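Inside the fold
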Amino acid sequence: EAGVTQFPSHSVIEKGQTVTLRCDPISGHDNLYWYRRVMGKEIKFLLHFVKESKQDESGMPNNRFLAERTGGTYSTLKVQPAELEDSGVYFCASSQGRTSGSWTYEQYFGPGTRLTVT
Amino acid sequence: AQSVTQLGSHVSVSEGALVLLRCNYSSSVPPYLFWYVQYPNQGLQLLLKYTTGATLVKGINGFEAEFKKSETSFHLTKPSAHMSDAAEYFCAVRLNFGNEKLTFGTGTRLTIIP
């Protein structure tokens, strides 16, 4: 079974440019999460999709960040325009959620996208 | 709101020695607790989790952790370190209902000394 994949693995852009990160969750996982780790700090939650709906977007830093999950499969996270403080590693995770009357709690993480804004 | 504190951003142990990585949490309700490991150039991998039941939980690669409610701790241990254990380790907490987002600690980088 393929794991969570993210593209690109690295991205270097200039301040003011636009970048789009993509995440493909594990097939059949309804829940998809975005997290971010700024250098030397903790991994912080950005938002949570259940299928194509945003369940919780309380961690999104500001309106320069736009996340979508059309059709409830892969998700994109767009940063427009990028600022220096957006640099960091963006992780995507997915989980199965409630299945067969039981909750599954594991979130499976992708390798991350390292974004550098210069 | 929940929070996680990991004592020691860097820990070094000799090969064969005990590994102890500390994690303390703060949560207004009984939490679910997790340890993740990140090897170089890889994503986070779940080592073990505590949800309910037995407070001593065993994970992969010989790691285990004990949930101590009175101490609000969930320390990670391994009796004998191996060179392959060198990685960064993250403790995380989430509520046991509703919101599923994970709150992470700042991570502990484990170095194994040959």
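The paragraphs below set out a description of the structure included in this document. Residue numbering note: each chain is counted from 1, following its sequence as written. Numbering of ligands from 1 and lettering of chains from A proceed in the order in which they are written. Whole-chain, interface and lining totals are the exception, using all residues; otherwise, since this is a predicted model, local features are given only for residues with pLDDT of at least 70 and side-chain atom pairs are given and counted only at 80 or more. Values reported for side chains reflect all heavy atoms of the structure, with hydrogen atoms and water molecules removed beforehand.

**Notes on the overall build of chain A**
Think of it this way: any DSSP run of H or I at least four residues long counts as a helix, any run of E at least two long counts as a strand, and we number them from the N terminus. Summing up its helical and strand segments, chain A has 0 helices and 13 strands in all. Overall, chain A shows an N-to-C arrangement of helices and strands of β-β-β-β-β-β-β-β-β-β-β-β-β. For 118 residues, the compact-globule formula gives about 13 Å, and the C-alpha radius of gyration of chain A, at 14 Å, lands near that figure. Along the first, second and third principal axes, the C-alpha set of chain A runs to 50 × 25 × 25 Å. Burial classes follow relative accessibility: with a 1.4 Å probe on protein chains only, a residue under 20% of its type's maximum area counts as buried, one over 50% as exposed, and anything between as partly exposed. The burial tally for chain A puts 47% of its 118 residues in the buried class. By definition in these notes, contact holds between two residues if any of their heavy atoms fall within 4.5 Å. The long-range share in chain A, meaning contacts at least 24 apart out of those at least 6 apart in sequence, stands at 53%. Method for areas: the Shrake-Rupley scheme with a 1.4 Å probe, in which residue coverage is limited to the protein chains shown. In the structure as shown, chain A presents an accessible area of about 6,000 Å², 47% of it carried by carbon and sulfur atoms. For the radius of gyration, the atom set is restricted to C-alpha positions; the globular benchmark scales as 2.2 Å times the number of residues to the power 0.38.

**Observations regarding the overall build of chain B**
When helices and strands are counted, chain B shows 0 helices and 12 strands. Each helix and strand of chain B, placed in order from N terminus to C terminus, yields the pattern β-β-β-β-β-β-β-β-β-β-β-β. Against the globule reference of 13 Å for 114 residues, chain B gives a C-alpha radius of gyration of 14 Å, in line with a compact fold. When the backbone C-alpha atoms are referred to their principal axes, chain B occupies close to 45 × 30 × 20 Å. Residue burial in chain B is summarised as follows: out of 114 residues, 47% are buried. Look at the contacts in chain B between residues 6 or more apart in sequence, and 56% of them connect residues 24 or more apart.

**Things to note about the side chain of Asp56 of chain A**
Mapped onto the fold, Asp56 of chain A is located in strand β6 (residues 53-56). In terms of polar contacts, Asp56 of chain A uses its side chain to reach the side chain of Ser58 of chain A, at 2.7 Å. Each polar contact in these results corresponds to two N or O atoms within 3.5 Å; when the atoms are within protein, one needs to be able to donate a hydrogen and the other to accept it, and residues that are neighboring in sequence are counted only if both atoms are side-chain atoms.

**Describing the interface of chain B and chain A**
Taken residue by residue, the interface counts 20 residues in chain B and 20 residues in chain A. Two parts lose some accessible area (1.4 Å probe) when they are put together, and adding that loss for both gives the buried area. Each partner contributes to the roughly 1,700 Å² buried at the junction of chain B and chain A, and carbon and sulfur atoms together form 56% of this total. The largest contributions to the chain B side of the interface with chain A come from Leu44, Glu100 and Phe104 of chain B, which together make up 32% of the buried area. Basic side-chain nitrogens of Lys or Arg form a salt bridge, by our definition, when they fall within 4 Å of a carboxyl oxygen of Asp or Glu. Here chain B is connected to chain A by 2 salt bridges. Residues Glu106 of chain A and Lys49 of chain B are paired through a salt bridge, measuring 2.6 Å at the closest nitrogen-oxygen approach. Taken together, the connections running from chain B to chain A amount to 7 residue pairs in polar contact (both at pLDDT 80 or more). Looking at the side of chain B that touches chain A, the elements that each hand over two or more residues are β5 (31-38), β6 (44-50) and β10 (87-95) of chain B. It is β5 of chain B that provides the largest number of residues to the side of chain B that touches chain A, a total of 4 residues.

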